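Residues per chain are reported as follows:
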Amino acid sequence: MKKVRIGVLGGHRGGSMINYAKMAENAELVAICDKNPDVLLRQKKECGEDGISYYSNFEDFIKHDMDAVVLANYAHQHAPFAIRCMEEGKHVFSEVVPAQTMKEAVELIETVERTGKIYAYGENYCFMSGPYEMRKLYRQGLIGELEQASAEYMHNCEPIWHEITYGEPDHWRNRMYSTFYCTHSLGPIVHITGLRPVKVTGFESKLNERRYRVGSKCASYGIEMVEFENGGLCRSIHGNIYKNNLWYSIDGSKGRIETAREDSHQNGVGRVYVSYDEYSGAYDTEKREDYCPENFVSEEAKKFGHGGSDFNIMYNFVRKIQGFEDADIIDVYEAMDMFLPGMFAYRSILQGGVTLDIPDLRDPAVREQYRNDTTCTDPDIAGDMLIPSCGHGDPEIPMEVYDRVRQKWDNFKTSKECSFQ
């Protein structure tokens, strides 16, 4: 079978995807694009120039003869690039997040439908061994139907903030709202159950000193209380809590499946705990087990990050392009099911915590309501629909904070002799 020719936009964040295309039997790396000349130089040294073209300009890159593009650029810019790639006849693998505004979300969905190109959303946490095992067991009916779920993605990014924002005051991470980056927590619950979220209520913390120290204008963490189409509920929490944690738990009508917590020292999200029975729920009738499941392509996946999930998402994307119907990708509709609860949770926060309906953009009539909705925290996109990055209002952060982060970034580059996008 012919190899899928892949180009990657974003030579640093796209490193795992580049590595996949270099080593996979079903793919071929043909082009890399990055605005940073240092990143391109580093990739040339690592990948060589035999059969690989390097671009600093997207307009030149998109004309390259390739089948698919991996978008690993800034998170708030994916939709416009995805739309352009599909219009140029390329399949798209989009890293998180799928869109910044409802206007972009509508345009993205309609481009997928119009072009017929494959769009795969790269929410890799769905494909870690624990959550993926939970999906398999849930789809088998082992624990019955979802009644309630909890999902946590805690990541204290203060120690690495200089590495991911470079001291840029207007970097998207500095101005994103608290529930924007929600798909690492909520996404696996959606992918496990296959259920559509229909209502959401949002909550957020106040700004704390860790946020001020790095120049972030958003609250430390956000919470989405989500109702699914079957009436089941989910608490999704994510953000810059002091101690890192990644945890998923689902209670069904016949039992429970959850991953281990990091502090348990039991392989964290790589271990699952299963407890189930047919009817009673009594301890003396239930079956219990815990184990560390293998990745479904375990040996190859072990060489990649995020518990092997960086391999699994690309593996499925390429197989989907090759026509394998069983290839498990997150399509554009499911991507919105993962992302829109966070967007509307923040609208809930700004409205004092009211419960809001989550639009189903599968319905063309629903899309019409949001076709011109540019509500976001990005002044270049929002126009007169600009909203603050925090429900309490945008804080005033002195420029010396960003100067300090920038200096830390410059020192880091010098000490590591490396460059990042």
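Shown above is the structure to which this text applies.
If you're wondering where the values come from, they're calculated on a predicted model, not measured in any experiment.

Concerning the packing of helix 1 (residues 15–23) against helix 12 (residues 309–321)
Here is step 1 of the chain: Where helix 1 contacts helix 12, the two axes come as close as 10 Å, and the packing angle between them is 55 degrees. Looking at the two axes, helix 1 sits oblique to helix 12. As helix 1 packs across helix 12, the resulting crossing turns out to be right-handed. Contacts between helix 1 and helix 12 involve Ser16, Met17, Tyr20 and Met23 on the former and, on the latter, Asp310, Phe311, Met314, Tyr315 and Val318.
Here is step 2 of the chain: Split into classes, the residues belonging to the contact of helix 1 with helix 12 amount to 7 nonpolar, 1 polar and 1 charged.

Describing the pattern of salt bridges
Here is step 1 of the chain: One pass over the full model with this rule turns up 30 salt bridges.
Here is step 2 of the chain: The shortest N-O distance in the salt bridge between Glu152 and Arg235 comes to 2.7 Å. Taken as a pair, Glu152 in strand 7 (residues 146–154) and Arg235 in strand 10 (residues 233–239) lie far apart in primary sequence, 83 residues in all.
Here is step 3 of the chain: What makes Glu152 buried here is its relative accessible area of 8%.
Here is step 4 of the chain: Each of the salt bridges in this network shares a partner with another, and the network as a whole consists of Glu110, Glu113, Arg367, Glu368 and Arg371.

Digging into unusual backbone geometry
Here is step 1 of the chain: Looking along the chain, the bond that leaves Val96 and enters Val97 is cis, with omega of 0 degrees.
Here is step 2 of the chain: Relative to the helices and strands, Val97 resides in the loop between strand 5 (91–94) and helix 5 (102–115).
Here is step 3 of the chain: In this structure, Asn267 takes a positive phi of about 75 degrees despite not being glycine.
Here is step 4 of the chain: Assignment of secondary structure puts Asn267 in the loop between strand 12 (255–259) and strand 13 (272–276).

Re the sheet that holds strand 14 (residues 287–291)
Here is step 1 of the chain: One open sheet accounts for 9 strands, arranged 14-13-12-11-7-10-9-8-15; its pairing is mixed. A strand with exactly one partner marks an edge of an open sheet, and here the two such strands are strand 14 and strand 15 (356–357).
Here is step 2 of the chain: Of the strand pairs in this sheet, strand 8 (residues 197–204) and strand 9 (residues 221–228) are connected by 7 bridges, and their pairing is antiparallel. Bridging across to strand 9, Lys199 finds its partner in Glu227.
Here is step 3 of the chain: Against the sheet, helix 6 (residues 129–139) contacts strand 7, strand 11 (245–252), strand 12, strand 13 and strand 14, and its axis sits at roughly 165 degrees relative to strand 12.
Here is step 4 of the chain: Relative to the sheet, helix 9 (residues 183–193) contacts strand 7, strand 9, strand 10 and strand 11, its axis offset from that of strand 7 by approximately 145 degrees.

Some words on the sheet that holds strand 1 (residues 4–9)
Here is step 1 of the chain: Reading across the sheet, the 6 strands line up as 3-2-1-4-5-6 and stay open at both edges, with parallel pairing between neighbours. In this open sheet, the two strands that pair with only one neighbour each are strand 3 (53–55) and strand 6 (119–121). Adjacent strand axes in the sheet meet at a mean angle of 20 degrees, parallel and antiparallel pairs treated alike.
Here is step 2 of the chain: In the sheet, strand 1 pairs with strand 2 (residues 27–33) via 6 bridges, with the strands oriented parallel. In the sheet register, Gly7 faces strand 2, and the bridge partner there is Ala31.

The rules we used
- Residues numbered from 1 in each chain as written.
- Predicted model: local features only at pLDDT ≥ 70, side-chain atom pairs only at ≥ 80, totals over all residues.
- Heavy atoms only, no water.
- Axes fitted to C-alpha atoms, helices over the stretch in contact; angles between N-to-C directions.
- Helix = DSSP H or I, 4+ residues; strand = E, 2+ residues; numbered from the N terminus.
- Parallel < 35°, antiparallel > 145°, perpendicular 65-115°, else oblique.
- Left-handed = near helix turned anticlockwise from the far one by under 90°.
- Contact = heavy atoms within 4.5 Å.
- Nonpolar A, V, L, I, M, F, W, Y, C, P; charged D, E, K, R; others polar.
- Salt bridge = Lys/Arg side-chain N within 4 Å of Asp/Glu carboxyl O.
- Buried < 20%, exposed > 50% of the residue type's maximum accessible area, 1.4 Å probe, protein only.
- Pairing = 2+ DSSP bridges.

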